[in-house]
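Next come the chains, spelled out residue by residue.
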Amino acid sequence: MITDEVAARAVAEAGPGAFALATRERSLMLRFAAGRPTQSTAIDDITVEVAIPYHGHVGRAATNAVDDRSVADCAARARFAARAAAVSGEGSFPGFDAHGDAAAVPAFDLDTSELDPATGAAALGDAFAVADRHGVEAHGIWTVAEQEQGFATDEGGGAERRTDAFMKVICIAPSGRSGYASATAVALAEIAPSELAERAARKAVARGEPAELAPGEYPVVFEPQAAGWLLDLLGDCAFNGLAHVEGRGALVGRLGEQVAAAGINLSDSPSNGRTLPRSFDAEGAVKRPMPLIQDGVAHGVAHDIRSAAAAGAMSTGHALAPGGTGAGPHPTNLVLAGGGAAGEVELCAPVERGVYVTRLWYANVVRPKETLITAVTRDGTFLIEDGTVTRPLRDLRLTDSVLGILSRTQAVAREQRLASDGEFYGRRFAYGVVCPALRADAVRFTGAAG
Amino acid sequence: MRDLLADLIDSAQARAGYADARFVRSRVERLSTRNGRLDQLDSHESEGIGVRVRMGGAWGFAAVRGSGRREAEAALARAIAIAEVQPKVPDAAALAAEPPARGEWASPFERDPFEVPLEDKLAVLLAADAGLRTEPGVNLTRARFSAFQTETLFASTEGALCQQRVTECGGGIAVVAVGNGDSQIRSYPASHGGHVAAAGYEHFLELELPGHAPRIASDAVSLLGAPACPHGTTTLILAGEQLGLQVHESVGHAVELDRVLGREASYAGTSFVPPDGIGRLAFGSERVNVTADATTPRGLGSFRWDDEGVEGRPVPIVRDGMLAGFLSSRETASEIGLERSGGCMRAEGFSRQPIVRMTNVNLEPGDAGTLDDLIADTDEGLLIETNRSWSIDNRRLHFQFEGEAGWEIRNGERGRLVRNPSYAGVTPEFWGRCDAICSAGDWRLISLLDCGKGEPGQVMRVSHGTSPARFREVEVGVA
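Since this is a predicted model, take the numbers as computed values, not measurements.

## Some points on the overall build of chain A
Here comes step 1: Within chain A, the secondary structure is distributed over 9 helices and 17 strands.
Here comes step 2: Its C-alpha atoms give chain A a radius of gyration of 23 Å, within 12% of the compact-globule value 22 Å for 450 residues.
Here comes step 3: Oriented by its inertia axes, the alpha-carbon framework of chain A measures out at about 70 × 55 × 35 Å.
Here comes step 4: Across the 450 residues that make up chain A, the buried fraction comes to 66%.
Here comes step 5: Of the contacts made within chain A by residues no fewer than 6 positions apart, 74% connect residues no fewer than 24 positions apart.

## Remarks on the overall build of chain B
Here comes step 1: Secondary structure summary: chain B contains 10 helices and 25 strands in total.
Here comes step 2: Here the C-alpha radius of gyration of chain B, 23 Å, is about what a compact globule of 479 residues would show, namely 23 Å.
Here comes step 3: Within chain B, the proportion of its 479 residues that are buried is 64%.
Here comes step 4: Intrachain contacts of chain B at a sequence separation of at least 6 include 76% that bridge at least 24 residues.

## Some points on the domain arrangement of chain A
All names here are of chain A.
Here comes step 1: Segmentation of chain A into domains returns domain 1 (3-204) and domain 2 (216-448).
Here comes step 2: With centres defined by C-alpha atoms, the gap from domain 1 to domain 2 works out at 22 Å.
Here comes step 3: Every contact between the two is made by 43 residues of domain 1 and, on the other side, 31 residues of domain 2.
Here comes step 4: Sorting the residues of the side of domain 1 that touches domain 2 by element identifies β1 (19-33), β2 (36-54), β3 (57-63), β4 (137-153), β5 (156-172) and β6 (178-185) as the ones contributing at least two each.
Here comes step 5: Taken together, the residues of the side of domain 1 that touches domain 2 sort by class into 21 nonpolar, 13 polar and 9 charged.

## Looking at the sheet that holds strand β11 (residues 314-319) of chain B
Residue and element names in this part refer to chain B.
Here comes step 1: Ordered by their spatial adjacency, 4 strands build an open sheet running β12-β11-β10-β15, and the pairing between neighbours is antiparallel. Where the open sheet ends on each side, the last strands, each with one partner, are β12 (322-323) and β15 (361-363).
Here comes step 2: Bridge analysis of strand β10 (residues 290-293) against β11 gives 4 bridges, and the strand direction is antiparallel. Note on β11: the bridge partner recorded for D293 is P314.
Here comes step 3: Each of β10, β11 and β15 touches helix α6 (residues 240-252); the most contacted strand, β15, lies at about 115° to it.

## Overview of helix α2 (residues 69-85) of chain B
For the α-helix, the turn length of 3.6 residues means that residues three or four positions removed from each other point alike.
Here comes step 1: With 17 residues, α2(B) should cover 24 Å at 1.5 Å per step; its first-to-last C-alpha distance of 25 Å lies within 8% of that length.
Here comes step 2: Here α2(B) has its buried residues at A72(B), A75(B), L76(B), R78(B), A79(B), I80(B), I82(B), A83(B) and V85(B).
Here comes step 3: The inward-facing, buried residues of α2(B) abut β2 and α3 (117-134) of chain A together with α1 (2-13), β2 (37-55) and β3 (58-65) of chain B.

## Examining the domain arrangement of chain B
Residue and element names in this part refer to chain B.
Here comes step 1: Under the domain assignment, chain B is made up of domain 1 (2-225) and domain 2 (232-476).
Here comes step 2: Distance from the C-alpha centre of domain 1 to the C-alpha centre of domain 2: 21 Å.
Here comes step 3: Of the residues lining the interface, 46 residues belong to domain 1; the matching set on domain 2 comes to 41 residues.
Here comes step 4: Of all the elements in the fold, those that place two or more residues in the side of domain 1 that touches domain 2 are β1 (18-34), β2, β3, β5 (138-156), β6 (161-179), β7 (182-188), β8 (195-197) and α5 (209-225).
Here comes step 5: In terms of residues, the side of domain 1 that touches domain 2 owes the most to one element, β2, which gives 6 residues.
Here comes step 6: A per-class count over the side of domain 1 that touches domain 2 returns 23 nonpolar, 15 polar and 8 charged.

## What about the packing of α3(A) against α2(B)?
Here comes step 1: In contact at an axis separation of 9 Å, α3(A) and α2(B) are set at 30° when each is read in the N-to-C sense. Classified by the interaxial angle, the pair formed by α3(A) and α2(B) is roughly parallel. Every pair of crossing elements has a handedness; the one defined by α3(A) and α2(B) is right-handed. When α3(A) is examined against α2(B), the residues P117(A), A118(A) and A121(A) are found in contact with a partner set consisting of A81(B), I82(B) and V85(B).

## A closer look at the confidence of the model for chain B
Here comes step 1: Averaged over every residue, the pLDDT of chain B is 97; residues scoring 70 or more account for 100%.
Here comes step 2: Interface confidence for the predicted complex, given as ipTM, is 0.95, next to a pTM of 0.97.

## Digging into α1(B)
Residues and elements named next belong to chain B.
Here comes step 1: Over its 12 residues, α1 extends 16 Å from the first C-alpha to the last, a length consistent with the 16 Å expected when each residue adds 1.5 Å.
Here comes step 2: By the burial criterion, the buried members of α1 are L5, L8, I9 and A12. For α1, the arc enclosing every buried residue in end-on projection is 95°, short of the 170-degree limit, so these residues lie on one face. Opposite the buried face of α1, at more than 90 degrees from it, the exposed residues are D3 and D10.
Here comes step 3: On its buried side, α1 packs onto β1, β2, α2 and β5.

## Overview of the interface of chain B and chain A
Here comes step 1: The interface of chain B with chain A comprises 65 residues on the first partner and 71 residues on the second.
Here comes step 2: Ranked by the residues each element gives to the side of chain B that touches chain A, the list is headed by β2(B), at 11 residues.
Here comes step 3: Bridge analysis of β2(A) against β3(B) gives 3 bridges, and the strand direction is parallel. Within β3(B), the residue paired with I43(A) across the bridge is A63(B).

## Let's talk about the pairing of strand β14 (residues 388-392) of chain A
Residue and element names in this part refer to chain A.
Here comes step 1: The pairing of strand β13 (residues 372-385) with β14 spans 4 bridges and is classified as antiparallel. Bridge pairing links L383 to R391 in β14.
Here comes step 2: Where β13 folds back onto β14 in an antiparallel hairpin, the turn is made up of 2 residues, including D386, whose phi is positive at roughly 50°.

## Considerations on the environment of S269(A)
Residue and element names in this part refer to chain A.
Here comes step 1: Here S269 shows up in the loop between β8 (266-268) and β9 (290-294).
Here comes step 2: Between the C-alpha atom of S269 and that of T332, which follows or precedes it by 63 residues, the distance is 8.7 Å.
Here comes step 3: Excluding anything up to four places from it in sequence, S269 contacts T275, P289, N333 and V335.

## A word on the packing of α1(B) against α2(B)
Helix packing for two helices is described by the angle between their axes and how far apart those axes are.
Residue and element names in this part refer to chain B.
Here comes step 1: Packing of α1 against α2 brings their axes to within 11 Å, and their N-to-C directions diverge by 30°. Judged by the inter-axis angle, α1 sits roughly parallel to α2. Considering only the axes of α1 and α2, their crossing is right-handed. Listed contacts from α2 to L4, L8, S11 and A12 of α1 are R69, A72, E73 and L76.

## Thoughts on the nonpolar core
Here comes step 1: A10(A), A20(A), V48(A), V50(A), C171(A) and V51(B) are the most contacted members of the largest nonpolar core, which totals 302 residues.
Here comes step 2: For A20(A), the residues in contact, after removing those within four places along its chain, are A7(A), A10(A), V11(A), A14(A), V48(A), E49(A), V50(A), F151(A) and A152(A).

## Topic: unusual backbone geometry
Negative phi is the rule for most residues except glycine; trans is the rule for most peptide bonds.
Here comes step 1: In this chain, Y188(B) is followed by P189(B) through a cis amide linkage whose omega measures -10°.
Here comes step 2: The peptide bond linking E455(B) to P456(B) adopts the cis configuration, its omega dihedral lying at 0°.
Here comes step 3: Mapped onto the elements of the fold, P456(B) is located in the loop between β23 (444-453) and β24 (458-466).
Here comes step 4: One non-glycine residue, A442(A), adopts positive backbone phi at about 55°.
Here comes step 5: Within the secondary structure, A442(A) sits in strand β17 (residues 433-448).
Here comes step 6: For A442(A), a count of 14 C-beta atoms within 10 Å translates into the label partly exposed.
Here comes step 7: With a phi angle near 60°, R396(B) is a residue other than glycine that sits in the positive phi range.

## Re the pairing of β5(B)
The side chains of a regular strand alternate between both faces of the sheet.
Residue and element names in this part refer to chain B.
Here comes step 1: Most of β5 is tucked away, with 17 of its 19 residues classed as buried.
Here comes step 2: As paired strands, β1 and β5 are joined by 15 bridges and run antiparallel to one another. For E29, the partnering residue across the bridge sits in β5 and is A147.
Here comes step 3: In the sheet, β5 pairs with β6 via 17 bridges, with the strands oriented antiparallel. Paired with R142 across the strands is A174, a residue of β6.
Here comes step 4: Between β5 and β6, which pair antiparallel in sequence order, lie 4 residues; one of them, G159, sits at a positive phi of approximately 100°.

## Looking at the environment of A440(A)
Residues and elements named next belong to chain A.
Here comes step 1: If you trace the backbone, A440 turns up in strand β17.
Here comes step 2: Residue classification places A440 among the buried residues on the basis of 25 C-beta atoms within 10 Å.
Here comes step 3: Considering only alpha carbons, one finds A440 and F151, 289 residues apart in sequence, at a separation of 43 Å.
Here comes step 4: Sequence-distant contacts of A440, defined by excluding residues within four places in its chain, comprise V220, I405, R408, T409 and Q410.

What counts and how
Residues numbered from 1 in each chain as written. Chains lettered and ligands numbered in written order. Predicted model: local features only at pLDDT ≥ 70, side-chain atom pairs only at ≥ 80, totals over all residues. Helix = DSSP H or I, 4+ residues; strand = E, 2+ residues; numbered from the N terminus. Rg over C-alpha atoms; globule rule 2.2 N^0.38 Å. Buried ≥ 20, exposed ≤ 12 C-beta atoms within 10 Å, placed from the backbone. Contact = placed C-beta atoms within 7 Å. Domains from an automatic or database assignment. Nonpolar A, V, L, I, M, F, W, Y, C, P; charged D, E, K, R; others polar. Pairing = 2+ DSSP bridges. Axes fitted to C-alpha atoms, helices over the stretch in contact; angles between N-to-C directions. Expected span 1.5 Å × (residues − 1). Parallel < 35°, antiparallel > 145°, perpendicular 65-115°, else oblique. Left-handed = near helix turned anticlockwise from the far one by under 90°. pLDDT = per-residue confidence, 0-100. Arc of directions from axis to C-beta. Core = buried A, V, L, I, M, F, W, Y, C linked by C-beta atoms within 7 Å.

See the structure below:
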């Protein structure tokens, strides 16, 4: 691997106490819209981040040039930054402590790492054929990537190769109704383009005039994709150790208390068989399973080195950048345990009049301490009447507290799915939430959408 | 590098119907303080080449780091290989004609922010941070500095060869107060990273962050005890960042022609605006005039050429309330029969291909005088200036925003502070209720630093110029 060698070289330049993280991305993404290819992007790039602690501060620099001179220059910039930082007095960063003792996790698939555009083109063709058969347009992406990541300190290092594959299909019917399906996996072979297109198309062509619901509170069945969004937002509001230690977090003063229904068991499980596994975080800390909510009781928050130091705790392996980011740590391998319901059909059964949500969109935190978020439903919203999905429903705006929704959760499905949106800003960082579908009562909708 | 790109394009000429190549070198410096200590001190540099080809109507794009000839040729080969295996698009529209871009250009600045000693920048940030901590009850204080420099060399098979350099700089402050089981944030001059302009270090100093810090801290603590914004329908005055964001989300994104044509349905969404809406769609009241202007001084959407070599210029978007134009590319403009691209193709760095993005989408000033004049002319209502939360549906129709702070307006005067001021609306109805826009003297640019779009995702920095505006019968207190 190239990244551990580059990271080691950077640390050698940076000097004692330094930490370096090198991340190489090779990726391919094919986009399509209305049954035709629209854009395709192949990337081969590397980022080397050098972090140098100095009097409790961290100076950082990054480059994508890995020749000796560039790496040395990057280390010099980090050193210069660290020394400049000292003008603000003594900081609290305790230093890096990574030894490279992370256990290997099954995160790599050789076939996926080939990034074959012909395989992608065939996947698009399959999706287009299904869409044609249903008389709908197919939109979406197909993407694969190999990421190699290595870190080094002056005491050791580690490296890991990962692959990820993602495809989503949004089918749009002539009526304007749409349906969504997606899949994420370490190995491309686990993704079935025709099956995704079929699921999306069926939602788009569902019969019946779209119903409208007035703003108010309704029971809701969330598919895993929608439930995953809610849980990911909860990661920001509730499990961010930096916000917690600064008094801004939603769980301040609530650890050990009941914050969700008794059937809610949420953890960060980086080696779970359904997640995109990682063995170490951006500070080289070993990632281990961590309970967050057990039987509805808040159990802990995620830390990187900085937030852990402020809290008098140890890093839990949730750093997103060496030395931490301004936003704080984030759990990137959330897993919500499955419950007793056989599936979405059983979840709908007790609902007299409610909402079935395939996915949420444009979700944003309104008030983090309340875990209040707002989002709109999209691509497959249906009315539940007398225990079954009866017809399409005009999209709605949801504005509610995530912990409130989890407190009002009445049932959780058995089967879990890895929910991801395949958003790849900056250096590719594929992640998702493993979760089942769930039903919650009295979910608050504040208006129409779409 | 010019020779390399020229050779690359020569090689592409024989193999693809169209090709372009961009060499991009980026520098970023970010400094921030947190509770009186330096928190973040980052410098990031990158360079690489992105090659885009069009074959049989399908696009291929490949990006590779560095500036080596072998890597650049490999990127071209990869882009061609990807385009070749794509399902063909035989009815793809030709690219709208464009004269080849030639020349050099650099955005103006007085003082290069990368040449200013770190100690000087830190001194300003630490002074601002100290000003934020003058108020008891404050939990978190932050002061930020950002500087960006992007150099781009562009060449195409149509003879374009142009080079430009854009320098951007700015910052902001924010404070969080916690109490009564609540947390409240106040920011200056804007939330989400402050105000950045296409300018030098002089812009950062002009923000006078230390001078504004005590007022912001006082506001944050006061908000903890302020009454919540009541639910109801009232007159809403938007100013500053909140109005800029309203323009951005409900006008700018709605008129991106790739969305309008359904190309972004898989991610960003579509639009309520129809492709044949020019001159037919009533977007707002007759007071509403919006221009997408890539020549606005200091705007983050300003450039000489976009990332497919189209010269930047002002493009009318809304005139007297009617839709007048789109944000477009050469491909999308051609598809609806426009003679020329609007020059809105922008890419984040070398490793992303250009997509339709906003330039400076500006709300033209009206004749309502100053903000104080507008408040004096309003019997009852609510004023919101700084954004806290935003969300809008995938057709850019139904939105819900919440500001950091609101002020009641009673009998023509700014009244008491209210917390959690939110409002909701439907885009053309909302703009249709705009009955006053302040005059040119109150017209300011605001910046949005994290506009996300595209797959793989691209973050773009954009600016919007606005004067405070008034909207009647708006639902407030919705969140």
